[in-house]
Amino acid sequence: VEVKSIAVTGPLTQMYVLPLCPELMAGFSRAFTEDAAKYIPEEYLSLPELGQLYGGKGTMDLEALLLAAPDVVIDVGDAKDGMSEDLDELSEQTGIPFVHIDGTVTTAADAYRMLGELTGKKDKAEALAVWCENTLADINELMAKVDADGARKKIIYCLGENGLHCMAEGSYHAETVNMMGDNVAKLDEVTASGAGNEVDMEQLILWDPD
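What counts, and where the lines are drawn
- Residues numbered from 1 in each chain as written.
- Predicted model: local features only at pLDDT ≥ 70, side-chain atom pairs only at ≥ 80, totals over all residues.
- Heavy atoms only, no water.
- Helix = DSSP H or I, 4+ residues; strand = E, 2+ residues; numbered from the N terminus.
- Buried < 20%, exposed > 50% of the residue type's maximum accessible area, 1.4 Å probe, protein only.
- Contact = heavy atoms within 4.5 Å.
- Areas by Shrake-Rupley, 256 points an atom, 1.4 Å probe, with all protein chains shown as cover.
- Lys, Arg positive; Asp, Glu negative; His and termini not counted.
- Charge placed at Lys NZ, Arg CZ, Asp CG, Glu CD.
- Pairing = 2+ DSSP bridges.
- Expected span 1.5 Å × (residues − 1).
- Polar contact = N/O pair within 3.5 Å; in protein donor to acceptor, adjacent residues only side chain to side chain.
- Axes fitted to C-alpha atoms, helices over the stretch in contact; angles between N-to-C directions.
- Parallel < 35°, antiparallel > 145°, perpendicular 65-115°, else oblique.
- Nonpolar A, V, L, I, M, F, W, Y, C, P; charged D, E, K, R; others polar.
- Salt bridge = Lys/Arg side-chain N within 4 Å of Asp/Glu carboxyl O.

Asks: Mind showing me how you'd approach the overall build of the protein here?
Replies: For the protein, the helix and strand inventory stands at eight helices and eight strands. Here the C-alpha coordinates of the protein stretch approximately 50 × 35 × 35 Å along the principal axes. In the protein, which comprises 210 residues, the proportion classed as buried is 38%. When contacts within the protein are restricted to residue pairs at least 6 apart in sequence, long-range pairs at least 24 apart make up 54% of them. Looking at the protein as shown, the accessible area adds up to about 12,300 Å², and 52% of this sits on carbon and sulfur atoms. Put simply, the protein has 14 plus and 39 minus side-chain charges, and the middle of one group is 7 Å from the middle of the other.

Here's what the structure looks like:
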């Protein structure tokens, strides 16, 4: 079946799909901020907002999704507990196939190749996959030199209004942080949210990053 229109489950999937086939998008997971919108071609900014399936502040707007009538809904990212059942239920409820593709820094190339198969954009997907592979190889080579020199730094990636949310080790969203340094933000329970775990200033001091 030819896919002529797709919806995405969240911002990460959106980031994968936009470089590949923006012309197929039936809507965005959420509206772009003014700063981000200037990088998006004008013809796509009027697409409807469909909501976000996992994480974020809300849920997918099934009414808006049905009105947008995509051929398929795509999720790219980490496989969450119960996801298979969730997607099967949504597929049955809406009559629209929901598809999950694993996507991490190390598997981004494979994700693009699968997206290429799904959307029929194989050539462009292959070019993006090769770019991902080459970029990852460059980073690994660079970090090997850093480690050989014993120069890897203890780091914490902080975000949020007060800078007290962190991407703890073990978080899906900390993958790049872990590659680039020694992530000293270690917690017993790590949130699956891209907003990170909220901690206090005392904890940051105790972790003692460089």
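Asks: Please explain the sheet that holds strand E6 (residues 165–166) as it appears in this structure.
Replies: Adjacent strands of a sheet pair through backbone hydrogen bonds, lying either parallel or antiparallel. A sheet is described by the order of its strands in space; here three strands give the open sequence E5-E6-E8, paired in antiparallel fashion. Of all the strands in the sheet, just strand E5 (158–159) and strand E8 (197–198) have a single pairing partner and so form its edges.

Asks: Hey, could you run me through helix H5 (residues 108–119) in this one?
Replies: The first and last C-alpha atoms of H5 sit 16 Å apart over 12 residues, in line with the 16 Å expected at 1.5 Å per residue. Of the surrounding secondary structure, the elements contacted by the buried residues of H5 are helix H1 (11–20), strand E2 (72–77), strand E3 (98–102) and helix H6 (122–148). Just beyond H5, the residue with positive phi is Gly120, at close to 80°.

Asks: Sorry if this is basic, but what is going on with the side chain of Asn197 here?
Replies: Mapped onto the secondary structure, Asn197 falls in strand E8. On the basis of relative accessible area, Asn197 is assigned to the buried category, the value being 13%. In this structure the side chain of Asn197 is engaged in a polar contact, spanning 3.0 Å, whose partner is the backbone nitrogen of Thr191. Ignoring anything within four residues of it in the chain, the contact list for Asn197 reads Leu164, His165, Cys166, Ala168, Leu187, Glu189, Val190 and Thr191.

Asks: Looking at this structure, I do not really get the side chain of Asn183. What am I missing?
Replies: Relative to the helices and strands, Asn183 resides in strand E7 (residues 182–183). There is a polar contact of 3.0 Å between the side chain of Asn183 and the backbone oxygen of Met167. Those residues in contact with Asn183 that lie beyond four places of it in its chain are Ile155, Ile156, Met167, Ala168, Glu169, Ala174, Val177 and Asn178.

Asks: Mind showing me how you'd approach the packing of H5 against H6 here?
Replies: In helix packing, the relevant descriptors are the interaxial angle and the interaxial distance, both defined with respect to the helix axes. Look at H5 against H6: their axes get within 8 Å of each other, and the N-to-C directions meet at 180°. The orientation of H5 with respect to H6, classified from their angle, is roughly antiparallel. Counted together, Ala108, Ala109, Tyr112, Arg113, Gly116 and Glu117 of H5 and Lys122, Ala125, Glu126, Leu128, Ala129, Val130, Cys132 and Glu133 of H6 form the full contact between these two elements. Across the contact of H5 with H6, the residue classes tally to eight nonpolar, one polar and five charged.

Asks: Help me out: how do you make sense of unusual backbone geometry in this one?
Replies: If a residue is not glycine, its phi is most likely negative; likewise, a peptide bond is most likely trans. Of note in this structure, Ala69 is not a glycine but carries a positive phi near 50°. As for its placement among the helices and strands, Ala69 is situated in the loop between helix H3 (62–68) and E2.

Asks: How should the pattern of salt bridges be read in this particular structure?
Replies: Pairing is possible between side chains of opposite charge, provided their charged atoms come close. Tallying each qualifying case throughout the model produces eight salt bridges. Here Arg113 and Glu126 are joined by a salt bridge, their closest N and O atoms 2.8 Å apart. Taken together, the residues Arg113 in helix H5 and Glu126 in helix H6 connect sequence positions 13 residues apart. For Arg113, a relative accessible area of 27% puts it in the partly exposed group. A salt bridge links Asp208 to Lys154; the nearest nitrogen and oxygen atoms lie 3.9 Å apart. On the criterion of sequence distance, the pair formed by Asp208 in the segment after helix H8 (201–207) and Lys154 in strand E4 (residues 154–155) is long-range, its members being 54 residues apart. Judged by relative accessible area, Asp208 falls into the partly exposed class, the value being 45%. Here the residues in one salt-bridge network are Arg113, Glu126 and Glu133, joined through shared partners.

Everything listed here is a matter of geometry and, on its own, says nothing about what the molecule does.
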